[in-house]
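# Architecture at a glance
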Amino acid sequence: MSSSQTLKLVRLIQKLLTDYPMVNHDSKNTQALMTAIHTRLKKTLDDDIFVPLYSKTVLENKSQGPYLFFQRQFWTCVKLLGNIFSWHGLLSDRTLMELGLDSLLNRYMVLSLLNSPVTNE
């Protein structure tokens, strides 16, 4: 979930791929690493992401706990979406679309936005 740690790991893997010829996408060990990254991102989506679906009337009072919890969980999703797409060029586009768009955006974020009250702030 940490953006800074994700970016550091992405940069490290990119550096390994460019500086060391034996580390490439065809390597069995590199493929195992990418599979482990995909599995961990999928596990994070399944285990760590939860956006509650409250009624719009519950979310209208912005000083109440449900609204604050909803906002914190929604922005956690936004942060994770950025972390997922930071793997662009390392993980396949299909994997990124599956994790970022199908699982996170469509399953959690769009539903949350449809359920949240519209404000002019």
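These remarks concern the structure in this document. Keep in mind it's a predicted model, so treat the numbers as computed, not measured.

## Here we look at the overall build of the chain
Within the chain, the regular secondary structure consists of 5 helices and 0 strands. Sequence-ordered secondary structure for the chain, helices as α and strands as β, is α-α-α-α-α. For 121 residues, the compact-globule estimate of 2.2 N^0.38 gives 14 Å, and the chain exceeds it by more than 25% at 18 Å. Principal-axis analysis of the C-alpha atoms places the extent of the chain at approximately 60 × 25 × 25 Å. Burial status across the chain gives 33% buried among its 121 residues. Here the contacts in the chain between residues at least 6 apart in sequence split such that 67% fall between residues at least 24 apart. Put simply, the chain shows about 7800 Å² of open surface, and 58% of that area lies on carbon and sulfur atoms. Placing the 13 positive and 10 negative side-chain charges of the chain at their respective mean positions leaves the two points 5 Å apart.

Calculation rules
Residues numbered from 1 in each chain as written. Predicted model: local features only at pLDDT ≥ 70, side-chain atom pairs only at ≥ 80, totals over all residues. Heavy atoms only, no water. Helix = DSSP H or I, 4+ residues; strand = E, 2+ residues; numbered from the N terminus. Rg over C-alpha atoms; globule rule 2.2 N^0.38 Å. Buried < 20%, exposed > 50% of the residue type's maximum accessible area, 1.4 Å probe, protein only. Contact = heavy atoms within 4.5 Å. Areas by Shrake-Rupley, 256 points an atom, 1.4 Å probe, with all protein chains shown as cover. Lys, Arg positive; Asp, Glu negative; His and termini not counted. Charge placed at Lys NZ, Arg CZ, Asp CG, Glu CD.

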